[in-house]
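Single-letter residue listing:
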Amino acid sequence: MCIRDRAEIDRINILHASLLAMRRAVMALSVMPERALIDGNRCPVLTCPSQAIIRGDSSVPAISAASILAKVARDAKMCQLHDCYPQYDFARHKGYPTAAHLEALRRHGPCPEHRRFFAPVAAWWQTVLEVSS
């Protein structure tokens, strides 16, 4: 699994980081696939043929399975972050912009793991800059 870090996502944006992670995952395989099925509307540059399938996670069993594995891994990572930053309650909302997560951001500001260009974090920084000027 190729989990990208916050800094890379901030640097190249979430879409390009996702495409790059897919490319890295395929390149790390010991056996090259005959074809890659991609959930979405864009394919990364790969050494094998690829096919983008919009809503593939609801129509292609292999994509559904990969989506479940990715979500389980992401949720586990969010639980680990909860241990480091309990004030954000990552174990409960898993980083999604729920009302509780947004309130924690307002109350505590972003932690080092928050993406700087995640809209609520960017808004928090803008508010800090306006108050300090």
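I will try to describe carefully the structure that is included in this document. Per-chain numbering applies: the sequence of each chain, read as written, is numbered from 1 onward. Where local features are concerned, this predicted model is filtered to residues with pLDDT of at least 70; where side-chain atom pairs are given and counted, the filter is 80 or more; whole-chain, interface and lining totals use all residues. Processing note: side-chain calculations cover all non-hydrogen atoms of the structure and skip hydrogens and water entirely.

Right, let's get into the overall build of the chain. The helix and strand tally for the chain stands at seven helices and two strands. Reading the chain from its N end, one meets helices and strands in the order α-α-β-β-α-α-α-α-α. Dimensions of the chain, computed from the C-alpha atoms along their principal axes, are close to 55 × 30 × 25 Å. For the exposure calls, accessible area comes from a 1.4 Å probe over protein chains only, and a residue counts as buried if that area is under 20% of its type's maximum, exposed if over 50%, partly exposed in between. Taking all 133 residues of the chain together, the buried fraction comes to 26%. Two residues qualify as a contact provided that any one of their heavy atoms is within 4.5 Å of a heavy atom in the partner residue. Look at the contacts in the chain between residues 6 or more apart in sequence, and 20% of them connect residues 24 or more apart. Accessible surface area values rest on a Shrake-Rupley calculation with a 1.4 Å probe, where residue burial reflects the displayed protein chains alone. Accessible surface for the chain amounts to roughly 8,800 Å². Of this, 59% is attributable to carbon and sulfur atoms. Under this rule, positive means Lys or Arg and negative means Asp or Glu; His and the chain ends count for nothing. For the purpose of locating charges, the reference atoms are NZ of Lys, CZ of Arg, CG of Asp and CD of Glu. Counting 17 positive and 12 negative side-chain charges, the chain places the averaged centre of each group 2 Å from the other. Think of it this way: any DSSP run of H or I at least four residues long counts as a helix, any run of E at least two long counts as a strand, and we number them from the N terminus.

By salt bridge we mean one thing: a side-chain nitrogen of Lys or Arg within 4 Å of a carboxyl oxygen of Asp or Glu. Per the counting criterion, the structure on display carries seven salt bridges. One salt bridge connects Glu 8 with Arg 11, and the closest N-O pair in it is separated by 3.9 Å. With Glu 8 and Arg 11 both in helix 1 (residues 6-12) and three residues apart, this pair spans about one turn of that helix. Overall, the relative accessible area of 58% leaves Arg 11 in the exposed class. Close ionic contact of Arg 106 with Glu 103 constitutes a salt bridge, the shortest N to O distance being 3.3 Å. With Arg 106 and Glu 103 both in helix 6 (residues 99-108) and three residues apart, this pair spans about one turn of that helix.

Glancing now at the side chain of His 101. One can find His 101 in helix 6. Leave out the neighbours within four places in its chain, and His 101 touches Phe 90, His 93, Gly 95, Tyr 96, His 114 and Phe 118.

Attention now moves to helix 6. Turning to helix 6, its buried residues number three or more, namely His 101, Ala 104 and Leu 105. Viewed end-on, helix 6 has its buried residues packed into an arc of 100°, placing them on one side of the element. Exposed side of helix 6, more than 90 degrees from the buried face: Ala 99, Arg 106 and Arg 107 are the residues found there. Residues of helix 6 that are buried sit in contact with helix 5 (90-93) and helix 7 (119-132). Phi turns positive one or two residues past the end of helix 6, at Gly 109, with a value near 75°. The directions from the helix axis to the C-beta atoms are what the arc is built from.

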